[in-house]
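# Tertiary structure, described
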Amino acid sequence: MDDTIRSTVYIDEAGDLGINRGTQWFVLSAVIVDKIDELDIRTKLSQIRSKLNVNEVHLRNIKEFNRRAYAVNILKSEKFTCIHVLTDTRKFEPNITPVIAYNFICRILIERVSWYLRDNNRFADIVLSARGTSRDNELIDYIKNKLIPFGGNQVADMFLSVKAKQSSQWDLLQLADVCATSMFLSHEVNAFDFCIPCYASALSNHLYRRNGSVLKYGLKYFKDDMKPKTTEIKQKWICNK
């Protein structure tokens, strides 16, 4: 298969889906990279690791603003596409379990990935960020046998392999971490009563757009009533404080 039409979908998350016990926001993200562009991104990730003196680029573990901003700034010029599904965990039904909630969210994400593949004539492998538990195999089976054949995907034959890897083994998962965490930080109010939209804003050109629209495509809220009002969320932006 020609690598010019073959991609990899890297999936990672940010936040804690423990309903009413974890973070307010949970973000599940897919980053789609064409095979021919992976080497350039790996080179940039290596540059970031060297500059920041870290073994892996995990934005959630890099606490300082300037160090996070450096990583995002280096990656923002690379070629990739992001799709995020955002969930306000406070607005879930009270009896839903985190596993069931995750499966619903994952279905919405894979559906949008399928639209992107169809729109851009791409075939793709899926690489999940491994948890190191039996849940990895359960999720692989769920995606392969339930989500990919789902009628709404329309392009089931454009999905190839599905596997779970540690980010230390598969370094482009670190790009997915950067994208997911950036979106999470733009919504989650921290202990100082503000959120930080800067990183997500810097990566906004990478969001999947369809017919010029990003909302419900590259940026999808799990339910419409979970989308925060613009005035409310801007009040929590540090640049507006």
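We now turn to the structure provided with this report. Worth saying up front: this structure is predicted, and the values here are computed from it rather than measured. (Residues numbered from 1 in each chain as written. Predicted model: local features only at pLDDT ≥ 70, side-chain atom pairs only at ≥ 80, totals over all residues. Heavy atoms only, no water.)

With the rule as written, the count across this model stands at 19 salt bridges. Where arginine 112 meets glutamate 111, a salt bridge forms, and the shortest distance between an N and an O atom there is 3.2 Å. Connected through shared salt-bridge partners, Arg6, Lys35 and Asp125 make up one network. (Salt bridge = Lys/Arg side-chain N within 4 Å of Asp/Glu carboxyl O.)

Let's shift gears to helix 2 (residues 65-75). Here helix 2 has its buried residues at Arg68, Ala71, Val72, Ile74 and Leu75. In an axial view of helix 2, the angular spread of the buried residues amounts to 165°, which keeps them on one side of the axis. At its buried positions, helix 2 is contacted by helix 1 (38-52), helix 5 (173-185) and helix 6 (198-202). (Buried < 20%, exposed > 50% of the residue type's maximum accessible area, 1.4 Å probe, protein only. Helix = DSSP H or I, 4+ residues; strand = E, 2+ residues; numbered from the N terminus. Arc of directions from axis to C-beta. Contact = heavy atoms within 4.5 Å.)

A word on the packing of helix 3 (residues 98-120) against helix 4 (residues 135-147). At a minimum axis distance of 11 Å, the contact between helix 3 and helix 4 shows a crossing angle of 45°. On the basis of their axis angle, the class for helix 3 and helix 4 is oblique. In this structure, helix 3 crosses over helix 4, and the sense of that crossing is right-handed. Here Val99, Tyr102, Asn103, Cys106, Arg107 and Ile110 of helix 3 come into contact with helix 4, specifically with Arg135, Leu139, Tyr142, Ile143 and Leu147. Its residues placed into classes, the contact of helix 3 with helix 4 shows eight nonpolar, one polar and two charged. (Axes fitted to C-alpha atoms, helices over the stretch in contact; angles between N-to-C directions. Parallel < 35°, antiparallel > 145°, perpendicular 65-115°, else oblique. Left-handed = near helix turned anticlockwise from the far one by under 90°. Nonpolar A, V, L, I, M, F, W, Y, C, P; charged D, E, K, R; others polar.)

With that settled, the discussion passes to the sheet that holds strand 6 (residues 219-221). Spatially, six strands are ordered 5-4-1-2-3-6 in an open sheet, and the strand pairing comes out mixed. The two strands at the open ends of the sheet, each matched to only one other strand, are strand 5 (159-165) and strand 6. Strand-to-strand, the axes of this sheet are offset by a mean angle of 20°, without reference to chain direction. Examined bridge by bridge, strand 3 (residues 81-88) and strand 6 share three bridges and lie parallel to one another. Residue pairing for strand 6: leucine 86 is matched across the bridge by tyrosine 221. Helix 3 rests against strand 1 (6-15), strand 2 (25-34), strand 3, strand 4 (123-129), strand 5 and strand 6 of the sheet, and its axis sits at about 30° to strand 2. (Pairing = 2+ DSSP bridges.)

Time to look at the pairing of strand 4. Judged by how many residues are buried, strand 4 sits mostly within the fold: five of seven residues are covered. Both strand 1 and strand 4 contribute to a ladder of six bridges, which runs parallel. Within the sheet, the bridge partner assigned to tyrosine 10 lies in strand 4 and is valine 127. The pairing of strand 4 with strand 5 spans five bridges and is parallel. By the bridge assignment for strand 5, isoleucine 126 is matched with valine 162.

Where burial is concerned, most of strand 3 is hidden: eight out of the eight residues are buried. Summarising the sheet, strand 2 and strand 3 pair through eight bridges and their orientation is antiparallel. The partner of leucine 28 across the bridge, within strand 3, is valine 85.

Turning our eyes to something else, we now look at helix 4. Where helix 4 is concerned, the buried positions are Arg135, Asp136, Leu139, Ile140, Tyr142, Ile143 and Leu147. Down the axis, helix 4 shows its buried residues gathered within 160° of arc, on one side only. Elements that come into contact with the buried residues of helix 4 comprise helix 3, strand 4 and strand 5.

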